[in-house]
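What follows is the residue order along each chain.
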Amino acid sequence: MTDLGEDPDREGLRDTPKRVEKAYKFLTSGYGADIDQVVNNALFTVDYSEMVIVKDIDFYSLCEHHLLPFFGKCHIAYIPSNKVIGLSKVPRLVDVFARRLQVQERLTNQIADTIRDKIAPVGVAVVMEATHLCMSMRGVEKQNSFAVTSAMQGAFRDNARTRMEFLELIKLRSAVPGIRESAGYACVGED
Ligand SMILES: [Zn+2]
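Small disclaimer: the values here were computed from a predicted structure and weren't measured.

Another point: unusual backbone geometry. Of note, the phi angle at D56 is positive, near 60 degrees, even though the residue is not glycine. On the secondary structure map, D56 appears in strand β2 (residues 52-63). The backbone of A120 sits at a positive phi, close to 40 degrees, despite the residue not being glycine. Tracing the sequence through the fold places A120 in the loop between α5 (104-119) and β6 (123-132). Taking the number of C-beta atoms within 10 Å as the measure of exposure, A120 has 13 and is therefore partly exposed.

This is how it looks when you write it as C-alpha cells:
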C-alpha cells in the first residue's frame, strides 16, 4: 500500500489486509468444496429424456491473470439418460468452479465435464456470458470485455437441431442489445 502512495495506518485501511484475506478466502472457496457432497445427495433416477435447462444462473469468478472479477450468466442444459441433478444444486455446482482463479473457457468446460461425469447424460451444454473487469476497468481497448464461451458435448455437439433448440431457448432473455459477442477469451493475460 505504501508503494501505491497510501498510508496503511490510516483508519480506513488499517484492517484492509485482514478483510482482503477473508474476502479472497471466500472468493476461492471452491478449491475446498467437495463436488460429491454438493451433488451426490441430489441425483435422481428418471425415465424421461427431455432436455433439462437451467438458465440465467448468476456467477462471479476471478480472472487468474489479474485477480479481478469476471461475472455474468451461466446457462446449462442436458438430456438425461437415466439420472438428473436436483435443480437447486446446479447453481451450487457453478459456484464450486467459479470460486477459483479461472479463465472463462476452463470454467465453462469444468462445469460441463462434471455434469457428464456425474450423470452420464445423452448430452450436456454450458454457455457462459461474462464481463471482465480486468479489461473494462483497465480500459484495454483492443479486446472485448464481454465474452461468450460454450462447451457442447454428446448430442449438443453431434446434433445441430438439439444445439439450436438450446441456443434459441437461452436467447429469449439473455440477448442484450448492443453487446458484442466474442468467441475468444476476454482476458488472455497478455498484459
Ligand atoms: Zn484478466
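Next up on the list: the pairing of β6. Along any regular strand the residues' side chains alternate between the sheet's two faces. Of all 10 residues that make up β6, nine are buried, and the element is covered over most of its length. With 10 bridges joining them, strand β3 (residues 69-79) and β6 adopt antiparallel strand pairing. Paired with G72 across the strands is A130, a residue of β6. The pairing of β6 with strand β7 (residues 146-154) spans nine bridges and is antiparallel. Bridging from a neighbouring strand, A125 pairs with M152 of β7.

Another aspect to go through is the nonpolar core. I76, V94, I111, A125 and V126 are the most contacted members of the largest nonpolar core, which has 39 residues in total. Mapped by element, the contributors of at least two residues to this core are β2, β3, α4 (89-98), α5, β6, α6 (133-136), β7 and α7 (155-158). Here I111 is in contact with I76, L93, V94, F97 and V126, once residues within four sequence places are set aside.

On to the packing of α4 against α5. In contact at an axis separation of 9 Å, α4 and α5 are set at 135 degrees when each is read in the N-to-C sense. Comparing their axes, α5 and α4 come out oblique. As for the relative orientation of α4 and α5, their crossing is right-handed in sense. Counted together, L93, V94, F97 and A98 of α4 and L107, Q110, I111 and T114 of α5 form the full contact between these two elements. Considering only residue class, the contact of α4 with α5 consists of six nonpolar, two polar and no charged.

Among the secondary structure elements, F146 is positioned in strand β7. F146 sits in the partly exposed class, given 19 other C-beta atoms within 10 Å. Between the alpha carbons of F146 and A130 there is a distance of 5.5 Å; along the sequence they are 16 residues apart.

It is worth spelling out the sheet that holds β6 at this point. In spatial order, the strands read β5-β2-β3-β6-β7; together these five strands make up an open sheet with mixed pairing. Of all strands in the sheet, those with a lone pairing partner are β5 (101-102) and β7, marking the two edges. Seen against the sheet, α4 touches β2, β3 and β5 and runs at an angle of roughly 20 degrees to β2.

This part is about helix α2 (residues 16-27). With 12 residues, α2 should cover 16 Å at 1.5 Å per step; its first-to-last C-alpha distance of 16 Å lies within 8% of that length. The buried count for α2 comes to zero of 12 residues, which makes it a mostly uncovered element.

The next point concerns the environment of V124. With respect to the secondary-structure elements, V124 resides in strand β6. V124 sits 42 residues away from F166 along the chain, and the two C-alpha atoms are 10 Å apart. The residues touching V124, leaving out its near neighbours within four places in the chain, are Y78, A112, I115, R116, Q153, G154 and F156.

Reading the values: rules and limits
- Residues numbered from 1 in each chain as written.
- Predicted model: local features only at pLDDT ≥ 70, side-chain atom pairs only at ≥ 80, totals over all residues.
- Helix = DSSP H or I, 4+ residues; strand = E, 2+ residues; numbered from the N terminus.
- Buried ≥ 20, exposed ≤ 12 C-beta atoms within 10 Å, placed from the backbone.
- Pairing = 2+ DSSP bridges.
- Core = buried A, V, L, I, M, F, W, Y, C linked by C-beta atoms within 7 Å.
- Contact = placed C-beta atoms within 7 Å.
- Axes fitted to C-alpha atoms, helices over the stretch in contact; angles between N-to-C directions.
- Parallel < 35°, antiparallel > 145°, perpendicular 65-115°, else oblique.
- Left-handed = near helix turned anticlockwise from the far one by under 90°.
- Nonpolar A, V, L, I, M, F, W, Y, C, P; charged D, E, K, R; others polar.
- Expected span 1.5 Å × (residues − 1).

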